[in-house]
2 protein chains.
Amino acid sequence: MNIESADLRTANRIVLRWNRDGEKEEFSDCLVREFPATVYLNDQELVTLLCTPEFLEDLAAGFLVSEGMLRSKEELESIVADYEQGQVWVKSSASHFIAEKTFMKRYLTTGCGKGTSFYSLNDVQSCNPIITELMVTPEQIRSRMKDLQNRSELFQTTGGVHSASLASVEEVILYREDIGRHNAVDKILGYCFRQGLALGEMMMFTSGRLSSEMLLKVAKVGIPILVSRSAPTSLAVELAEQLGVTLVGFARGPRFNVYCHPERII
Amino acid sequence: MNIESADLRTANRIVLRWNRDGEKEEFSDCLVREFPATVYLNDQELVTLLCTPEFLEDLAAGFLVSEGMLRSKEELESIVADYEQGQVWVKSSASHFIAEKTFMKRYLTTGCGKGTSFYSLNDVQSCNPIITELMVTPEQIRSRMKDLQNRSELFQTTGGVHSASLASVEEVILYREDIGRHNAVDKILGYCFRQGLALGEMMMFTSGRLSSEMLLKVAKVGIPILVSRSAPTSLAVELAEQLGVTLVGFARGPRFNVYCHPERII
């Protein structure tokens, strides 16, 4: 069950606002809810994610995919979320699933090791450079980015969330919001993993900055184009170059910057 | 040694920009560097932080303080950073320092457990509600926030960093930038910890959103006022209420919202 009620995503609170003229006034503000959801893998507590409480099943699946702990749909036996308790129970048949020590090591290092070289040795080596026939026009990038911004109702209400969308050249396929930019993307990746959707002809759009972790998430599942309204880091660009991801930043209005692999934009 | 050279914080790259008129042009863009820095505690690898490579000693100290692994200046024997290799070596005399298992558990749960109640049981219980005589005027909040924005040169160059500052009512004491909003705050907390600065009369300003983790960082070291230009989450407000932190959000120009403990603003 996914909860789409706005009530579970937000909370109202009486707030004092100081104004330009030095006056203060009370008003009722709408806050985005931050909610701890603990993921259990084969009955073992694995991680607690601070998130916006909807699509918890997808969030858990996407997180495990991003961490390399879920590799094929067949491995996934079940996912059950308890939205009251903030718990997601995942059952998997894969033995590497129970490799808690490996995971903890990985997680502690937030996806990298003792230096940039670790990327090429582990995460980057486990990624195949992306090969796709996908070609897009500048207008398609602009339109899908505009779609992302138009849909961000929770941001418009609370100012406190990031948004992400998966889009084909024609339309937005899936849209998600979360207090965490990684969570919003994981909710999309988890949905696609559970549905078995192919991602080789898709684009990912995000409101958040493009760090190395964001780039690796997208590259791991073979999405060839990543677009953000914000800035990329140097490491995200290096990895995108290596892994064959077209990296687009500062997509605002008619303008956007392409940091690598511009050959897919015609 | 701290590195302040702009060269180490940024990297230039030739980028393609698509313009309004559909034309594209090449230009040299300045990217913020993302750099993995691994923290070793008593010769044991603990965590790798993805960060902007400056003030790594402070970053490591601030991270350990935030995680509850460094409690007093006396425990800290030495911190040595290798900016080439991205390594920070911390020596501590405290036995809880080596409690890697506890840390890993904590880290995995990103500061919370199986539900909101965990906060009150652990992190929140280890925090004493803040008692201070500090009173500020609305104008002081506005001026210090303006100082933060004026100082953000790296953001102005790259668009890719968060900034944080520690301020008294009169002036900015310390200013830091990082690709991660938590890192920018940890760099400040680490500096103060190493210098033995008292924080009970200080305010923390941040460009980033106010999540529960940010609130706990500030509350743990006894800073009574936390101000952001962005939105708070519901959980951050709940914790601030409990822990006696004056939480100010959406501080933009002359306006700001006070989410709890407005009694310190006169």
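For the structure itself, look to the data block above.
Residues numbered from 1 in each chain as written. Chains lettered and ligands numbered in written order. Predicted model: local features only at pLDDT ≥ 70, side-chain atom pairs only at ≥ 80, totals over all residues. Heavy atoms only, no water.

A.B. asks: Would you explain helix α2 (residues 56–66) of chain B in this entry?
C.D. replies: Count 3.6 residues to each turn of an α-helix, and residues three or four apart come out pointing the same way. Residue and element names in this part refer to chain B. Of all 11 residues in α2, 11 are buried; the element is thus mostly enclosed. Along α2, the positions that sit buried rather than exposed are Leu56, Glu57, Asp58, Leu59, Ala60, Ala61, Gly62, Phe63, Leu64, Val65 and Ser66. Once α2 ends, the next one or two residues include Gly68, with phi positive near 80°. (Buried < 20%, exposed > 50% of the residue type's maximum accessible area, 1.4 Å probe, protein only. Helix = DSSP H or I, 4+ residues; strand = E, 2+ residues; numbered from the N terminus.)

A.B. asks: Explanation requested: the packing of aromatic side chains in the structure shown.
C.D. replies: Any two aromatic rings considered together are summarised by their centre-to-centre distance and by the angle between their planes. Evaluation of the coordinates by the stated rule reveals 4 aromatic pairs over all chains. Ring plane angle 15° and centroid distance 5.2 Å describe the contact between Phe256 of chain A and Trp18 of chain B, whose orientation is recorded as stacked. Placement of Phe256 of chain A in strand β12 (residues 255–260) and of Trp18 of chain B in strand β1 (residues 10–18) is noted, with the two residues assigned to different chains. An identical accessibility class is assigned to Phe256 of chain A and Trp18 of chain B; each is buried. (Phe/Tyr/Trp six-rings, centres within 6.5 Å; stacked < 30°, edge-to-face > 60°.)

A.B. asks: Hey, could you run me through the sheet that holds strand β6 (residues 87–92) of chain A in this one?
C.D. replies: As a general point, the strands of a sheet are linked pairwise by backbone hydrogen bonds and lie either parallel or antiparallel. Residue and element names in this part refer to chain A. The strand order across the open sheet formed by 4 strands is β4-β3-β6-β5, and the pairing between neighbours is mixed. Lying at the two open borders of the sheet, with one neighbouring strand each, are β4 (44–51) and β5 (76–82). Each neighbouring strand pair of the sheet contributes to a mean axis angle of 20°, computed without reference to strand direction. Relative to β6, strand β3 (residues 35–41) runs parallel, the two being bridged by 4 bridges. Within the sheet, the bridge partner assigned to Thr38 lies in β6 and is Gln87. Where helix α2 (residues 56–66) meets the sheet, it contacts β3, β4, β5 and β6, and its direction lies at approximately 115° from that of β4. (Pairing = 2+ DSSP bridges. Axes fitted to C-alpha atoms, helices over the stretch in contact; angles between N-to-C directions. Contact = heavy atoms within 4.5 Å.)

A.B. asks: Just to check I follow, could you spell out the side chain of Arg142 of chain A for this structure?
C.D. replies: Relative to the elements of secondary structure, Arg142 of chain A occurs in helix α6 (residues 138–151). On the accessibility criterion, Arg142 of chain A (14% relative accessible area) is buried. A distance of 3.3 Å separates a polar side-chain atom of Arg142 of chain A from the backbone oxygen of Asn19 of chain B. Contact partners of Arg142 of chain A, with chain neighbours within four places excluded, come to Gly253, Pro254 and Phe256 of chain A together with Trp18, Asn19 and Gly22 of chain B. (Polar contact = N/O pair within 3.5 Å; in protein donor to acceptor, adjacent residues only side chain to side chain.)

A.B. asks: What's the story with the interface of chain B and chain A in this structure? I'm lost.
C.D. replies: Buried accessible area, meaning the area lost when the parts come together, often serves as the stated size of an interface. The interface is formed by 68 residues belonging to chain B together with 68 residues belonging to chain A. In total, chain B and chain A occlude about 5600 Å² of area from one another, counting both sides; carbon and sulfur atoms represent 55% of this. Put simply, chain B and chain A have 2 salt bridges between them. Put simply, chain B and chain A have 25 residue pairs in polar contact (both at pLDDT 80 or more) between them. In the side of chain B that touches chain A, the residues fall into 34 nonpolar, 20 polar and 14 charged. The pairing of β12 of chain A with β1 of chain B spans 3 bridges and is classified as antiparallel. Opposite Val258 of chain A, over in β1 of chain B, you have Leu16 of chain B as the bridge partner. (Buried area = accessible area lost by both parts, 1.4 Å probe. Salt bridge = Lys/Arg side-chain N within 4 Å of Asp/Glu carboxyl O. Nonpolar A, V, L, I, M, F, W, Y, C, P; charged D, E, K, R; others polar.)

A.B. asks: Any chance you could explain the relation of the copies chain B and chain A here in plain terms?
C.D. replies: Two copies of a chain can be linked by a rotation about an axis combined with a shift along that same axis. When chain B is brought onto chain A, the operation consists of a screw motion whose angular component is 180° and whose axial shift is 0.0 Å, with 0.0 Å RMSD remaining. Look at the turn and shift together and you get a two-fold axis relating the two. A shared interface surface links the copies, since 100% of the contact residues of chain B are contact residues in chain A too. (Least-squares fit on C-alpha atoms with pLDDT ≥ 70 in both.)

A.B. asks: Would you mind going over the pattern of salt bridges with me for this structure?
C.D. replies: Oppositely charged side chains can form a pair if their charged atoms are brought close together. Residues and elements named next belong to chain A. One pass over the structure, following the stated rule, counts 20 salt bridges over all chains. The salt bridge involving Arg9 is made with Glu177; its shortest N-O contact spans 3.4 Å. Placement of Arg9 in helix α1 (residues 6–9) and of Glu177 in strand β8 (residues 172–178) is noted, with a sequence separation of 168 residues between them. The residues Arg9 and Glu177 share a single accessibility class, namely buried. Taking the shortest distance from any N to any O, the salt bridge between Arg17 and Glu25 comes out at 3.4 Å. A residue is classified by how much of its surface remains accessible, and Arg17, at 25% relative accessible area, is partly exposed.

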